[in-house]
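# An overview of the molecular structure
Here's the letter readout for the chains.
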Amino acid sequence: MSAIAEAKPETKNAVLLITDPLSEDGLQPLRAAEGIELDICTGLTREELLGAVKTADALIVRSGTQVTREVIEAADSLKIIGRAGVGVDNIDLEAATERGIIVVNAPDGNTNSAAEHTIAMMTSLARNIPQAHRSLLEGKWDRKAFVGVELKDKTLGIVGLGRIGAEVARRAKGQRMNVIAFDPFLTEERAKEMGISAGTFEEVIRAADFITVHTPLMKETRHLLNAGAFEKMKDGVRIVNCARGGIIDEGALYEAVKAGKVAGAALDVMESEPFTGHRLLELPQVIATPHLGASTIEAQESVAIDVGRDVIRFLSGEPVKNP
Ligand code: NAD
Ligand code: MLT
């Protein structure tokens, strides 16, 4: 064979930067993919991230990495950003669009986990489970302080009946709750099929004993549950947020709990995370988890596999869907 025949055009591997921990099952197809060089660096400082993204062709993140305009502009050859999860609110979509960078997410992979977490939070709230556990650890045997309420026959108001909201509705019906939901796309027909009621936002918040929010965080949903909304709710309502911080006005929630209007709140997310030291956590009626809605083995495998598959497809020139 001649030297000329042997010479092949030099093909450069695409650099895929991963800056948040991904499940090993999700990483395997990426490790095995031809033409992709993996660069896994988690826990980066802002400066380190700006340096690491410079030569990346693709970037995969969870919710930990803030993909700001500054990060996007520091990237010389970035073509795709994959979000292993649902919410793309940690990515500056405007800046990505301006640079022609495609953003893909994994919308279905953590639906069950987030719905199960919502039900777990609602039940824990109704029965004071975290507070009772803490009291036991303090050496107390107090059965009077933690009398709860049943879910059965209570009305659950769901704001946002998308993937997770609908799964929560199904499970709440299993608890024999009455479910009423508001979603701009919810028709009477669909509500009937699901065995729930459809209402306006105001009808839902007025009727509910428990309210759970499952919308994305957008201009229209920021502080959807605010002081005015709390005023319209039943006395002793309980609130659950396993969607996004910012949908609830935290100052208004604090006042409503202090005033006894809201009997309790279960929060997986807050406006600014991590939220250790938040004043809402000082209230005994408030229980919280550190953004654990999608933190199951199954969901993490699933979102990593889904987003990895889209990134591999894109880097091989195949079409992918934007969120
Ligand atoms: P989805 O897109 O399937 O559903 C969102 C629904 O909200 C849609 O049906 C939409 O029509 C509705 N909606 C939009 N604006 C509304 C408004 N003003 N009032 C009422 N409804 C409105 O999304 P999803 O997968 O069900 O996720 C829901 C939320 O949960 C998102 O914010 C997502 O980021 C969050 N999430 C959190 C965790 C977690 O770890 N805590 C995990 C997964 C998803
Ligand atoms: C999501 O939007 O998918 C969730 O907030 C879960 C996460 O990324 O941890």
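In what follows, the structure referred to is the one given above.
Throughout this document, residue positions are counted from 1 along each chain, in the order its sequence is written. As a convention, the first chain written is A and the first ligand written is 1, with the rest following in written order. A pLDDT threshold of at least 70 governs which residues receive local features in this predicted model, and a stricter bar of 80 or more applies before side-chain atom pairs are shown or counted, although totals over entire chains, interfaces and linings include all residues. Values reported for side chains reflect all heavy atoms of the structure, with hydrogen atoms and water molecules removed beforehand.

## Considering the overall build of the chain
For the purposes of this entry, the term helix denotes a DSSP run of H or I that reaches at least four residues, the term strand denotes a run of E that reaches at least two, and both are numbered from the N terminus. Assigned secondary structure in the chain consists of 13 helices and twelve strands. For the chain, the spread of C-alpha atoms along the principal axes amounts to about 90 × 50 × 30 Å. Each of the 323 residues in the chain was classed as buried or not, and the buried ones make up 48%. Note on definitions: a residue-residue contact is assigned when non-hydrogen atoms from the two residues lie within 4.5 Å. For the chain, long-range pairs separated by at least 24 residues make up 59% of all intrachain contacts whose partners lie at least 6 apart in sequence. Summed over its atoms, the accessible surface of the chain is roughly 16,700 Å², and 52% of this surface lies on carbon and sulfur atoms. In this tally, Asp and Glu contribute negative charge and Lys and Arg positive charge; neither His nor the terminal groups of the chain are included. For charged residues, the charge sits on one atom: NZ in Lys, CZ in Arg, CG in Asp, CD in Glu. Counting 37 positive and 47 negative side-chain charges, the chain places the centres of these two groups 7 Å from one another. Throughout this description, buried means an accessible area under 20% of the type-specific maximum (1.4 Å probe, protein chains only), exposed means over 50%, and partly exposed covers the range between. For every accessible area listed, the method is Shrake-Rupley and the probe measures 1.4 Å; residues are considered covered only by the protein chains on display.

## Quick word on the site of ligand 1
We define proximity as follows: a residue is near a molecule or strand when any one of its heavy atoms falls within 4 Å of that partner. Around ligand 1, the structure places 26 residues, and the nearest of them are Arg163, Ile164, Asp183, Thr215 and Asp268. Asp183 has a polar side-chain atom sitting 2.6 Å from an oxygen atom of ligand 1. Whenever two N or O atoms come within 3.5 Å, that pair is a polar contact, provided that in protein one can donate a hydrogen and the other can accept it, and provided that, for residues adjacent in sequence, both atoms are side-chain atoms. One of the side-chain nitrogen or oxygen atoms of Asp268 is found 2.9 Å away from a nitrogen atom of ligand 1. Starting from 870 Å² of accessible surface for ligand 1 in isolation, the protein chains cover 87%. Under this grouping Gly is polar, as are all residues other than the nonpolar Ala, Val, Leu, Ile, Met, Phe, Trp, Tyr, Cys and Pro and the charged Asp, Glu, Lys and Arg. Per-class residue counts for the shell around ligand 1 are 13 nonpolar, nine polar and four charged.

## Description of helix α12 (residues 250-258)
For α12, every residue scored as buried is listed here: Glu250, Ala252, Leu253, Tyr254, Ala256 and Val257. Considering only its buried residues, α12 is in contact with α11 (227-232), β10 (237-241) and β11 (262-267). Residue Gly260 follows α12 closely and has a positive phi angle near 85°.

## Observations concerning the pairing of β10
Counting buried positions along β10 gives five out of five residues, so the element sits mostly inside the fold. Of the two faces of β10, both are covered, the one formed by Val237, Ile239 and Asn241 as well as the one formed by Arg238 and Val240. DSSP-based pairing: two strands are paired if at least 2 bridges between them are found. Bridging between strand β9 (residues 210-213) and β10 involves four bridges; their strand directions are parallel. When the bridges of β10 are listed, Val213 appears paired with Asn241. A crossover links β9 with its parallel partner β10, the connecting element being α11, and its sense is right-handed. Note that β10 and β11 share five bridges and pair parallel. Counterpart to Val240 in the pairing with β11 is Ala266. With strands facing away from the observer, any crossover in which the path from the first strand over the helix to the second runs clockwise is taken as right-handed. Taken together, β10, α12 and β11 constitute a β-α-β crossover, and its handedness is right-handed.

## With respect to the environment of Glu202
Relative to the helices and strands, Glu202 is located in helix α10 (residues 201-207). Spatially, the C-alpha atom of Glu202 lies 7.8 Å from that of Lys232, the residues being 30 residues apart in sequence.

## Considerations on the sheet that holds strand β12 (residues 286-288)
Strand order in the open sheet formed by seven strands is β8-β7-β6-β9-β10-β11-β12, with parallel pairing between adjacent strands. In the strand order of this sheet, the two ends are held by β8 (197-198) and β12, each with one partner. By the bridge criterion, two bridges tie strand β7 (residues 178-182) to β8 in an arrangement that is parallel. When the bridges of β8 are listed, Ala181 appears paired with Ala198. Packed on one face of the sheet, helix α8 (residues 163-174) meets β6 (155-159), β7 and β9 and runs near 175° to β6. All axes are obtained by fitting lines to C-alpha atoms, using only the stretch in contact for helices, and the reported angles, taken between N-to-C directions, cover 0 to 180 degrees.

## Here we look at the packing of helix α2 (residues 24-32) against helix α13 (residues 297-315)
Axes are the key here: two packed helices are described by the angle between their axes and the distance separating the axes. Close contact between α2 and α13 brings their axes to 7 Å; oriented N to C, the two are set at 20°. With respect to each other, α2 and α13 are oriented roughly parallel. When the axes of α2 and α13 are compared, the crossing they make is right-handed. When α2 is examined against α13, the residues Asp25, Gly26, Pro29 and Leu30 are found in contact with a partner set consisting of Glu301, Ala304, Ile305, Gly308 and Ile312. Angles below 35 degrees are treated as roughly parallel, those above 145 as roughly antiparallel, those between 65 and 115 as roughly perpendicular, and all remaining angles as oblique. By convention, the crossing between two helices is left-handed when the near helix turns anticlockwise from the far helix through less than a right angle, and right-handed when the turn is clockwise.

## Section: the sheet that holds strand β1 (residues 14-18)
Taken in spatial order, the five strands of this open sheet run β2-β1-β3-β4-β5, and their pairing is parallel. Edge strands, defined here as strands with exactly one partner in the open sheet, are β2 (36-40) and β5 (102-105). Direction aside, the axes of adjacent strands within the sheet are offset by 20° on average. As paired elements, β1 and strand β3 (residues 58-61) share three bridges and run parallel to each other. Of the residues in β3, the one forming a bridge with Leu17 is Leu59. Across the face of the sheet, α2 comes into contact with β1, β2 and β3 while running at roughly 140° to β2. Of the strands in this sheet, β1, β2, β3, β4 (80-83) and β5 touch α13, which is tilted by about 165° from β4.

## Remarks on the environment of Thr296
Within the fold, Thr296 resides in the loop between β12 and α13. On the basis of relative accessible area, Thr296 is assigned to the partly exposed category, the value being 25%. Sequence spacing of Thr296 and Ser113 is 183 residues, and the spatial spacing of their C-alpha atoms is 6.6 Å.

All we've got here are geometric facts, nothing functional implied.
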